[in-house]
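Each chain is listed here by its residues.
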Amino acid sequence: MPSHLFADRPAPQPPRRGSVDELISQTRRLRGDVDAVRRDAVVDEDDPQGRWHRALCDLAVHQLDDLGSHLGQLKEGLPAPQGPEDLLGPEEPAPYEDLAPRPGSLLSRVGSAEWNLLTDEVGWSGELHQIFGLPAGSDPMTLDELPSLVFAEDQGLLTEMVTDCLVDGKPIDGEFRIVRTDGRVRTLHMMGEPVLDADGCTASMWAVLRDVSELRRSQRAVRESQDSLARRQHVDRTERRVAREMHQAVLPPWRGPLVLSGHGQESLELAGHHLPSTGGGLIGGQWFDALELPGARALLSVGDLTGHGVTATSTMAMLLGALRALAAAGIRPGPLMVQLNRLLDSSAQPALGSTVCCHYDPETRLLSWAQAGHPAPLLFRGGTGRALPQPDGVLLGATAGGAYEQAEIGLLPGDVLVLHTDGLTRGPGAAHDGSGAERLLALAPALSVARSAQECTGLIVEEFAEIERQDDACVMVARVSR
């Protein structure tokens, strides 16, 4: 009883008339579409992914040419047998004019040959003469002469394939390189079988040889570009990981709340948060930091460096380490900015930086601060918010003789101070339209009644969590206890 798997399966039918023509048309259309994609692709030689894309398109074109040639041969049908003398005679016109091989086309890169061991006759097709670079009508090469055009390193391989075919009756299926008479090196794929006589002895050997140089070159380009892309992706992943680990190591271990005890019962409560870019790019040089100084004083800073990856994070680590050391030595925010500017200007890794540095004395509730091309701190008091008047200060690293003013303001119990990088309030694009800052100031009623700095930070992060950011952002909230 036949298997139920085949019960409803119709018997194989021969191809319907015109089906090969339709396949040829589809192949040509697809080949044209792929070729159009290849032409339209803008390839940057420094972009591994672009080179890989172009190499894949080239390979697809070659393979579609291959498919088209096979379909064309299928449409022509089995060619009439030809003897050696027929190869030198006038060629009959192709039965289909549109399928006639063009010079350099795939059809002209496939040739056939037969070597008769009994009569020593050799028959080569005209295409095989073209493949080897031999003049049309010249004598075909015998099996003994053939290795003279084969690459020295591949002569042993060809000899082994031919010997296995003639002696052991094994089919030939392998590739070797030839050096044409014009000096060009080509890669040929050879397939063949022995022809046995009535006694079972090898009487002749036939073979089909195909020039696969362009195909192998395309495949090699795909492999090389794919390997290059894989190496680039590995480097990028490694750099992302190292930059992230370095960034996390440099930032303060706390995220909130942190309480710095002050004079009497008063204290400064802190909380901070780092928001990654929405695009998932390399991490940048943004930071927030708080340092408790002698006498219960505190240093608060938020900053941003140009660039991304390990270079930016390593420069950030250097700058933040210098900032902490200078603050611990008692240097006030204005002079401290001058020293940071000199350090970044003389750094071996050129970069620009923006930062705001605040010094808070809990005994007098006096906040002294300076900035270098950075958004001013926002003060929220009594349900309203405003940006503090900004003292002069240029970007760090912009000029060797940069001057930095220092401003002061007294804080009150319940005041909330928000320090942030511009990535928090800046939307897509490089333009600053002020809408992000207005959204932040609009949180004044909620921030003024919040019970902790951590709650204030949560409100800000929730407000800006869904915004599209091209860069990372940092925010730090300082709240004076009531």
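Here's a quick rundown of the structure. (Residues numbered from 1 in each chain as written. Predicted model: local features only at pLDDT ≥ 70, side-chain atom pairs only at ≥ 80, totals over all residues. Heavy atoms only, no water.)

Description of the overall build of the chain
Piece 1. Check the secondary structure of the chain and you find 11 helices and 16 strands.
Piece 2. Counting over 482 residues, the chain shows a buried share of 41%.
Piece 3. A separation of at least 24 residues holds for 63% of the contacts in the chain among residues at least 6 apart in sequence.
Piece 4. For the chain, the exposed area adds up to about 25500 Å²; of that, 53% sits on carbon and sulfur atoms. (Helix = DSSP H or I, 4+ residues; strand = E, 2+ residues; numbered from the N terminus. Buried < 20%, exposed > 50% of the residue type's maximum accessible area, 1.4 Å probe, protein only. Contact = heavy atoms within 4.5 Å. Areas by Shrake-Rupley, 256 points an atom, 1.4 Å probe, with all protein chains shown as cover.)

Concerning the sheet that holds strand β5 (residues 202-211)
Piece 1. The sheet built from five strands is open, its strands ordered β2-β1-β5-β4-β3 with antiparallel pairing. In the strand order of this sheet, the two ends are held by β2 (122-124) and β3 (172-179), each with one partner. Averaged over all pairs of adjacent strands, the angle between strand axes in this sheet comes to 20°, irrespective of strand direction.
Piece 2. Of the pairings in the sheet, the one linking strand β4 (residues 185-196) to β5 comprises nine bridges and is antiparallel in character. Bridge pairing in β5 places Val195 opposite Ser204.
Piece 3. Its contacts with the sheet put helix α5 (residues 155-168) on β3, β4 and β5, and the angle it makes with β3 is roughly 145°. (Pairing = 2+ DSSP bridges. Axes fitted to C-alpha atoms, helices over the stretch in contact; angles between N-to-C directions.)

So, the nonpolar core
Piece 1. Ranked by internal contacts, the top residues of the largest apolar core, which has 25 residues, are Trp115, Trp124, Phe132, Leu158, Phe176, Met190 and Leu209.
Piece 2. Sorting elements by how many residues they give to this core places α5 first, with four residues.
Piece 3. Residues in contact with Phe176, not counting those within four places in the same chain, are Val150, Asp154, Leu158, Met161, Arg186, Thr187, Leu188, Met190 and Leu209.
Piece 4. Of all hydrophobic cores here, the second largest spans 24 residues; its members include Leu300, Leu379, Leu411 and Met476. (Core = buried A, V, L, I, M, F, W, Y, C linked by side-chain atoms within 4.5 Å.)

Focus: the packing of aromatic side chains
Piece 1. Applying the stated criterion across every chain, the model contains one aromatic pair.
Piece 2. Each ring, one from Trp124 and one from Phe132, has its centre 5.1 Å from the other, and the planes form 40°; the classification is tilted.
Piece 3. Given the relative accessible area of 1%, Trp124 is considered buried.
Piece 4. A relative accessible area of 0% places Phe132 in the buried class.
Piece 5. Against the face of Phe464 rests Arg439, its NZ or CZ located 5.0 Å from the ring centre. (Phe/Tyr/Trp six-rings, centres within 6.5 Å; stacked < 30°, edge-to-face > 60°. Lys NZ or Arg CZ within 6 Å of the ring centre and 35° of its normal.)

Focus on unusual backbone geometry
Piece 1. Positive phi, normally seen in glycine, also occurs at Asp120, with a value near 60°.
Piece 2. As for its position among the elements, Asp120 is in the loop between β1 (110-116) and β2.
Piece 3. The phi dihedral of Arg365 is positive, around 55°, even though this residue is not glycine.
Piece 4. Note that Arg365 resides in the loop between β10 (353-361) and β11 (366-372).

Remarks on the packing of helix α7 (residues 309-328) against helix α8 (residues 333-345)
Piece 1. It is the contact of α7 with α8, at a shortest axis distance of 10 Å, that shows an interaxial angle of 150°. By the criterion of interaxial angle, the relationship of α7 to α8 is roughly antiparallel. In terms of crossing hand, the pair formed by α7 and α8 is right-handed. Across from Thr315, Met318, Leu319, Ala322, Leu323, Leu326 and Ala327 in α7, the residues of α8 making contact are Leu336, Gln339, Leu340, Leu343 and Leu344. (Parallel < 35°, antiparallel > 145°, perpendicular 65-115°, else oblique. Left-handed = near helix turned anticlockwise from the far one by under 90°.)

Some details on the side chain of Gln371
Piece 1. Within the secondary structure, Gln371 is located in strand β11.
Piece 2. Of the residues examined, Gln371 reaches a relative accessible area of 3% and is grouped as buried.
Piece 3. From its side chain, Gln371 meets the backbone oxygen of Pro391 in a polar contact 2.7 Å long. (Polar contact = N/O pair within 3.5 Å; in protein donor to acceptor, adjacent residues only side chain to side chain.)

Topic: the pairing of strand β13 (residues 384-387)
Piece 1. As defined by bridge partners, strand β12 (residues 378-381) adjoins β13 across four bridges and the pair is classed as antiparallel. In the strand pairing of β13, Leu378 is matched with Ala387.
Piece 2. Hairpin connection of β12 to β13: two residues between the antiparallel strands, including Gly382 at a positive phi of 60°.

Overview of the pattern of salt bridges
Piece 1. If you walk through the whole model with that rule in mind, you get 13 salt bridges.
Piece 2. Asp415 serves as the salt-bridge partner of Arg381, at 2.6 Å between the closest nitrogen and oxygen. Of this pair, Arg381 sits in strand β12 while Asp415 sits in the loop between β14 (407-410) and β15 (416-420), placing them 34 residues apart in sequence.
Piece 3. Shared partners join several salt bridges into a network, and the residues in it are Arg31, Asp35 and Asp65. (Salt bridge = Lys/Arg side-chain N within 4 Å of Asp/Glu carboxyl O.)

Section: α5
Piece 1. Its 14 residues give α5 an end-to-end C-alpha distance of 19 Å, which sits within 8% of 20 Å, the value for a rise of 1.5 Å per residue.
Piece 2. Taken residue by residue, α5 has Leu158, Met161, Val162 and Cys165 as its buried positions. Buried positions in α5, seen along its axis, are confined to an arc of 90° and lie on one side of it.
Piece 3. Buried residues in α5 make contact with β3, β4 and β5. (Expected span 1.5 Å × (residues − 1). Arc of directions from axis to C-beta.)

Considerations on the sheet that holds β11
Piece 1. Taken in spatial order, the five strands of this open sheet run β8-β9-β10-β11-β14, and their pairing is antiparallel. With partners counted over all chains shown, the strands left at the sheet margins are β8 (287-292) and β14, one partner each. Strand-to-strand twist across the sheet, computed as the mean angle between neighbouring axes with direction ignored, equals 15°.
Piece 2. By the bridge criterion, four bridges tie β11 to β14 in an arrangement that is antiparallel. Within β14, the residue paired with Ser368 across the bridge is Glu408.
Piece 3. Running at roughly 155° to strand β9 (residues 298-305), α7 makes contact with β8 and β9 of the sheet.

Digging into a positive patch on the surface
Piece 1. Together, Arg184, Arg217, Arg220 and Arg223 make up a region of like positive charge exposed at the surface.
Piece 2. Mapped onto the fold, Arg220 is located in helix α6 (residues 213-250). (Patch = residues over 30% accessible without salt bridge, like charges linked within 9 Å, V, L, I, M, F, W, Y side chains within 5 Å. Lys, Arg positive; Asp, Glu negative; His and termini not counted. Charge placed at Lys NZ, Arg CZ, Asp CG, Glu CD.)

Let's talk about helix α1 (residues 19-40)
Piece 1. In a regular helix each residue adds 1.5 Å, so 22 residues correspond to 32 Å; α1 covers 32 Å between its end C-alpha atoms and thus fits that length.
Piece 2. Among all positions in α1, only Ser19, Val20, Ile24, Thr27, Val34, Asp35 and Arg38 are buried. One side of α1 holds all its buried residues, which, seen down the axis, span an arc of 140°. Turned more than 90 degrees away from the buried face of α1, the exposed residues are Asp33, Arg39 and Asp40.

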